[in-house]
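The chain contents come next:
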Amino acid sequence: MNAKNLISITDFSKEEYLRIMDLAADFEANPDQRLLDGKVVATLFFEPSTRTRLSFETAINRLGGEIIGFTDSSSSSVTKGETLHDTIKMVSNYADLIVMRHPLEGSARYASEVSDVPVINAGDGANQHPTQTLLDLYSIVKTQDRLDDINLFMVGDLKYGRTVHSLLMAMSHFNNPIFNFIAPPELAMPNEYKLYLQSKGMRYFEHTEFTDIISEADIIYMTRVQKERFPDPVDYEKVKNVYILRNKMLKHTKDNMRILHPLPRVNEIHTDVDSNPKAYYFDQARNGVYTRMAIIAHLLNLK
Amino acid sequence: MNAKNLISITDFSKEEYLRIMDLAADFEANPDQRLLDGKVVATLFFEPSTRTRLSFETAINRLGGEIIGFTDSSSSSVTKGETLHDTIKMVSNYADLIVMRHPLEGSARYASEVSDVPVINAGDGANQHPTQTLLDLYSIVKTQDRLDDINLFMVGDLKYGRTVHSLLMAMSHFNNPIFNFIAPPELAMPNEYKLYLQSKGMRYFEHTEFTDIISEADIIYMTRVQKERFPDPVDYEKVKNVYILRNKMLKHTKDNMRILHPLPRVNEIHTDVDSNPKAYYFDQARNGVYTRMAIIAHLLNLK
Amino acid sequence: MNAKNLISITDFSKEEYLRIMDLAADFEANPDQRLLDGKVVATLFFEPSTRTRLSFETAINRLGGEIIGFTDSSSSSVTKGETLHDTIKMVSNYADLIVMRHPLEGSARYASEVSDVPVINAGDGANQHPTQTLLDLYSIVKTQDRLDDINLFMVGDLKYGRTVHSLLMAMSHFNNPIFNFIAPPELAMPNEYKLYLQSKGMRYFEHTEFTDIISEADIIYMTRVQKERFPDPVDYEKVKNVYILRNKMLKHTKDNMRILHPLPRVNEIHTDVDSNPKAYYFDQARNGVYTRMAIIAHLLNLK
């Protein structure tokens, strides 16, 4: 068995990132490539995640593959007293590829060790969601025409947000990134990531609110500030309106700047931004389909 | 964007009704037309409606299309704090067509304004369920060989039943219909519909129970009388057995008369009717597949 | 209508068993046979059974068929006050084949009498689960290269376990089987099955625990001993560790002996057995796909 998996964003080398970007662009230009004809993909969602599931299922369908699976383990009998080991063993006898979402950190890695077929991690708890990172990268390269020399603003919950952590790790493979972190002190970027950037000699700057410096941004990556993250609700009330992006704030930003968001958005991007050409979050969702087609084709050696 | 939608039965002209009827007959004669090959359709059921969903998914499958979606928003994460606007924006980046069921009146119209791809309303609360009306029309033309000069009996809950309201509007496009309404006073056909028929010079008659006049019916359209509709349960008890169709009542009806029902039936059509050749409600369900194939082909300009 | 159904294992003759075995072997050797192209199969799970559903859906997908259905009647509106009769009537107007799981004994037989298309019973309460039995048979013939002269050990809950009852009935069609039953007295094989074997002159032996005699086994069929089956929990505590198969117990078994289990396993097969080549339960799951492809092809006269 020479199965390849995508469990963590660190599983892929820079060359593999670039190959995924190339494949995604190829699928975007030529979406009718039925490379999965006659193949079955299992989408095992041990916790619901409709957005990620729909994106994967669109990618699989556009590649001509068939889908089995479940959308929610509570309405499923698969886990009735059964170990994850046995569920994965069983499903890997049915399918040619497993896409798995699970609430437990580390579950995806474990599944890949048990499975006879490749496993793609579609999110394992607070740990990893590597296909999100790859579609973020694709959205950056598509809009900026490069992955080097990117001035990247990350806004909101930088402490718990796995998407910003993974994107930071991925961007650190490229030349000369500048990171600007905008977050309340309670949700600041953890030290380990800052030390990691220091160890690579990469620049980062920390802010507790939006400043004029966003005029230098190539990408503003917005995330949601959740009330539940604050031990004291009073602290939340103090900052809840600070991390909301509004259209008037975009006036002096670069023409080519683009706003990303992993979605769903709640109120952290005001709807008056939606019609601004710099709003890119819905296009980003479409990029997710091409990127996931690329990842599947790469892991199954279909291209 | 020149997307066409089907939100309300009034969106379609008489010519479009007739075109859908022709296309449905064509699909019934030649069901193997893979016009949706390589296309993805999203079936977004924000409330469960298995019957409508299965009918649409059969139509999509028979056309060769692929399906993504959800069957129930409660087991879905799609709406977790997300606006309908954002959900539709996202999904219209994945799919070539959206079929949507939603409990809120007006939600389908709103979705069609947001979406980049055509939207079919599969029911928005008490408001509209236009594909049901088109399959009802197809069932009438198929069994009566005409849509003009139809004597149509509507029985049961004529106050709240959206299917009878839409069917009345649709039939008013054709020549010389006669409407007979059989309902308890509490559930009588609302005045606005009677005034509408008057304004078009069309005849209607009201009854509070079945009479010998059903011998003149071409179509008897049965609906369910629900206990919840009566402010006083005593009133329900008084009428609950009045609007039940039994086989012996069909003796003097026309040979070619057919009984329709949008299903599910509870007890308003006695099971002793099922084996009568005039019982058409299960064939009507099959017609729903051909009609929905026709609607999809029409909206996407596939024929 | 000349529809053929699979409701009970007794519906099939010995010749049909053998034909299913041949077809299954053919599908295993040549899985890419798109015999269901353009056909729609309904998978109606009135109670969840993810394992059985995934196996059927894999089989249907690998045959090129399309799937409609539901995974759980609680999240479905199909049964809202609607009789099983009407649901089946409706669905048989949509699909070319119905696969049905239902909690009520006898429901599958009733559905087959109502349906216009073939029905496969995917489990009706404690009654029947015939496709499980056919995949068990296929696993036996594949590993033992014969169905005659099999020494078959059945272990665990032999009183309530429908899989062991059906397998016993099926094996009694073949020459010279030997049955060894290992169960606590509370869960012993019911008298009716023992009388049945006596009437056919077939040998069986009863044990209350594992003995050296398993060295003679060709097949050990493990099932789970459930706490809920014991009126007195104390009785369960006494036996709960008696019916656990461990790797060290396999030392003196035949080289060619294979361990089967319908899955899910809880703890009745210790995980130290999994890496023993005699552990066959996950391969058995894969055989389920080929067997179900064979059953579908047989019932629809596709081969």
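Residues numbered from 1 in each chain as written. Chains lettered and ligands numbered in written order. Predicted model: local features only at pLDDT ≥ 70, side-chain atom pairs only at ≥ 80, totals over all residues. Heavy atoms only, no water.

- As recorded by an unreviewed UniProt entry, chain A carries the name Aspartate carbamoyltransferase and is attributed to Prolixibacter bellariivorans.
- Check the Subunit (unreviewed entry) section of the UniProt entry for chain A; it says "Heterododecamer (2C3:3R2) of six catalytic PyrB chains organized as two trimers (C3), and six regulatory PyrI chains organized as three dimers (R2)."
- Of the comments in the UniProt record for chain A, the one headed Sequence similarities (unreviewed entry) reads "Belongs to the aspartate/ornithine carbamoyltransferase superfamily. ATCase family." (UniProt positions renumbered as here; feature names shortened; annotations may be inferred.)

Topic: the environment of Pro231(C)
- Looking at the element boundaries, Pro231(C) is found in the loop between β8 (219–222) and α8 (233–239).
- Along the sequence, Pro231(C) and Glu186(C) sit 45 residues apart, while their C-alpha atoms lie 9.2 Å from each other. (Helix = DSSP H or I, 4+ residues; strand = E, 2+ residues; numbered from the N terminus.)

So, the relation of the copies chain C and chain A
- For these two chains of identical sequence, chain C goes onto chain A by a turn of 120° and a shift of 0.0 Å along the axis, with RMSD 0.0 Å. Given the turn and translation reported, the copies of this chain are related as if by a three-fold rotation axis. (Least-squares fit on C-alpha atoms with pLDDT ≥ 70 in both.)

Some points on the interface of chain A and chain B
- Contact residues are listed per partner, giving 23 residues for chain A and 24 residues for chain B.
- Across the interface of chain A and chain B, roughly 2,100 Å² is buried in total on both sides, 47% from carbon and sulfur atoms.
- In this assembly, chain A and chain B are joined by 3 salt bridges.
- Across the pair Asp86(B) and Arg265(A) runs a salt bridge whose closest N-O atoms are separated by 2.6 Å.
- There are 8 residue pairs in polar contact (both at pLDDT 80 or more) connecting chain A and chain B.
- Looking at the side of chain A that touches chain B, the elements that each hand over two or more residues are α2 (50–62) and α9 (281–299) of chain A.
- Looking at the side of chain A that touches chain B element by element, the count peaks at 9 residues for α2(A). (Contact = heavy atoms within 4.5 Å. Buried area = accessible area lost by both parts, 1.4 Å probe. Salt bridge = Lys/Arg side-chain N within 4 Å of Asp/Glu carboxyl O. Polar contact = N/O pair within 3.5 Å; in protein donor to acceptor, adjacent residues only side chain to side chain.)

A closer look at the UniProt feature "binding site: carbamoyl phosphate" (unreviewed entry) in chain A
Residues and elements named next belong to chain A.
- Those residues carrying the UniProt feature "binding site: carbamoyl phosphate" (unreviewed entry) are Arg51, Thr52, Arg101, His129, Gln132, Leu263 and Pro264 in this numbering.
- Excluding residues that lie within four positions of it along the chain, His129 makes contacts with Thr52, Arg101, Ala122, Gly123, Arg162 and Arg292.
- With respect to the element layout, Gln132 can be found in helix α5 (residues 130–144).
- The exposure class assigned to Gln132 is buried, which follows from its relative accessible area of 7%.
- Filtering out sequence-adjacent residues up to four positions away, Gln132 remains in contact with Thr163, Tyr221, Pro262, Gln284 and Arg292. (Buried < 20%, exposed > 50% of the residue type's maximum accessible area, 1.4 Å probe, protein only.)

Topic: the interface of chain C and chain A
- Listed per partner, the contact involves 23 residues of chain C and 24 residues of chain A.
- For the chain C and chain A pair, buried surface summed over both sides reaches about 2,100 Å², with 47% attributable to carbon and sulfur atoms.
- Counting the contacts that link chain C with chain A gives 3 salt bridges.
- Between chain C and chain A we count 8 residue pairs in polar contact (both at pLDDT 80 or more) in total.

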